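What the coordinates show
The lines below spell out each chain.
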Amino acid sequence: LEREATIENRGEAPEVEAVELHECRRMSSAAASDKIHLRLILVSGKTKEFVFSPTDSASDVAAYVYEKWPMDWEEEQVSSPGILRLIYQGRFLHGNVTLGALKLPVGRTTVMHLVAHEIGRAP
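The residue numbering used here restarts from 1 in each chain and proceeds along that chain's sequence as written. Only residues with pLDDT of at least 70 are given local features in this predicted model, and only at 80 or more are side-chain atom pairs given and counted; all residues enter the totals for whole chains, interfaces and linings. Where side-chain values are given, they derive from all heavy atoms of the structure, hydrogens and water being excluded.

**A word on unusual backbone geometry**
A positive phi is found at Gln89, a non-glycine position, where the angle reads about 50°. Its place among the elements puts Gln89 in the loop between strand E3 (84-88) and strand E4 (91-92). Helix and strand assignments come from DSSP, with helices taken as H or I runs of at least 4 residues and strands as E runs of at least 2, each series counted from the N terminus.

**A few points about the pairing of E3**
To sort residues, take the accessible area from a 1.4 Å probe on protein chains only and compare it with the maximum for the residue type: under 20% means buried, over 50% means exposed, and anything in between is partly exposed. Across the five residues of E3, five count as buried, placing the element largely inside the fold. Residue alternation in E3 divides its side chains into two sets, Leu84, Leu86 and Tyr88 and Arg85 and Ile87, and both sets are buried. Two elements, E3 and strand E5 (residues 109-116), share four bridges in a ladder whose sense is antiparallel. Across the sheet, Ile87 pairs through a bridge with His113, a residue of E5. Pairing between strands is defined by DSSP: at least two bridges between them are needed. One ladder, built from two bridges, connects E3 with E4; its direction is antiparallel.

**Brief notes about the packing of aromatic side chains**
Each Phe, Tyr or Trp ring, with Trp reduced to its six-membered ring, pairs with another whose centre is within 6.5 Å; inter-plane angles below 30 degrees give stacked pairs, above 60 give edge-to-face pairs, and intermediate values give tilted ones. Taken as a whole and judged by the stated rule, the model has five aromatic pairs. Ring geometry for Phe50 and Tyr64: centres 6.3 Å apart, planes at 90°, overall edge-to-face. Of this pair, Phe50 sits in strand E2 (residues 47-52) while Tyr64 sits in helix H3 (residues 58-67), and the two are 14 residues apart along the sequence. Taking relative accessible area as the criterion, Phe50 reaches 9% and is therefore assigned buried. Seen from their ring centres, Phe52 and Tyr64 are 5.5 Å apart, and the 85° between their planes marks the pair as edge-to-face. Placement of the pair is Phe52 in strand E2 and Tyr64 in helix H3, with a sequence separation of 12 residues. Exposure class is identical for Phe52 and Tyr64. Each is buried. Taken together, the aromatic side chains of Phe50, Phe52, Tyr64, Trp69 and Trp73 make up a single cluster linked through ring pairs.

**Comments concerning the side chain of Ser53**
As for its position among the elements, Ser53 is in the loop between E2 and H3. A 3.5 Å cut-off defines polar contacts: any pair of N or O atoms within that distance qualifies, except that in protein one atom must be a possible hydrogen donor and the other a possible acceptor, and neighbouring residues in sequence count only when both atoms are side-chain atoms. At 3.0 Å, the side chain of Ser53 and the side chain of Thr55 are in polar contact.

**Thoughts on the pairing of strand E1 (residues 36-41)**
With five of six residues buried, E1 lies mostly within the body of the structure. Here E1 runs beside E2; their pairing, made up of six bridges, is antiparallel. Counterpart to Arg39 in the pairing with E2 is Glu49. Here E1 hands over to E2 after five residues, with Gly45 in that stretch at a positive phi of 100°. One ladder, built from five bridges, connects E1 with E5; its direction is parallel. The partner of Leu38 across the bridge, within E5, is Thr110.

Written out as structure tokens, the structure is:
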């Protein structure tokens with residue numbers, strides 16, 4: 001909230017700052033009890049934790065991870081977010097399913113696999 005007041009006082013472009021503020025809130029709310037914590041595991045075994053809202057979909061997660069691709073995952077970088085798929089409890093998630101619809105516990109960490117898989121192609 002302190003950052004919010006600073007942004008308003010600077011008089012900067014609200015659309016640019018809104019994105020930065022959203023990212024700041026996402027990062028600063030890592031311990032918030034109303035967020036879903038995902039530990040994503042790549043085929044290589046590398047892991048990273050991210051924090052999302054229950055209203056975020058599997059496609060939202062894939063797009064966010066693609067945009068914020070961790071530096072230590074550089075060898076596994078994919079060409080587009082459209083080929084990233086989440087696997088939860090042994091099943092590929094449809095892009096439109098929300099994390100809340102999966103009844104994932106808020107405030108706790110859930111583990112999922114993140115793989116590059118084009119629809120219609122054999123893995």
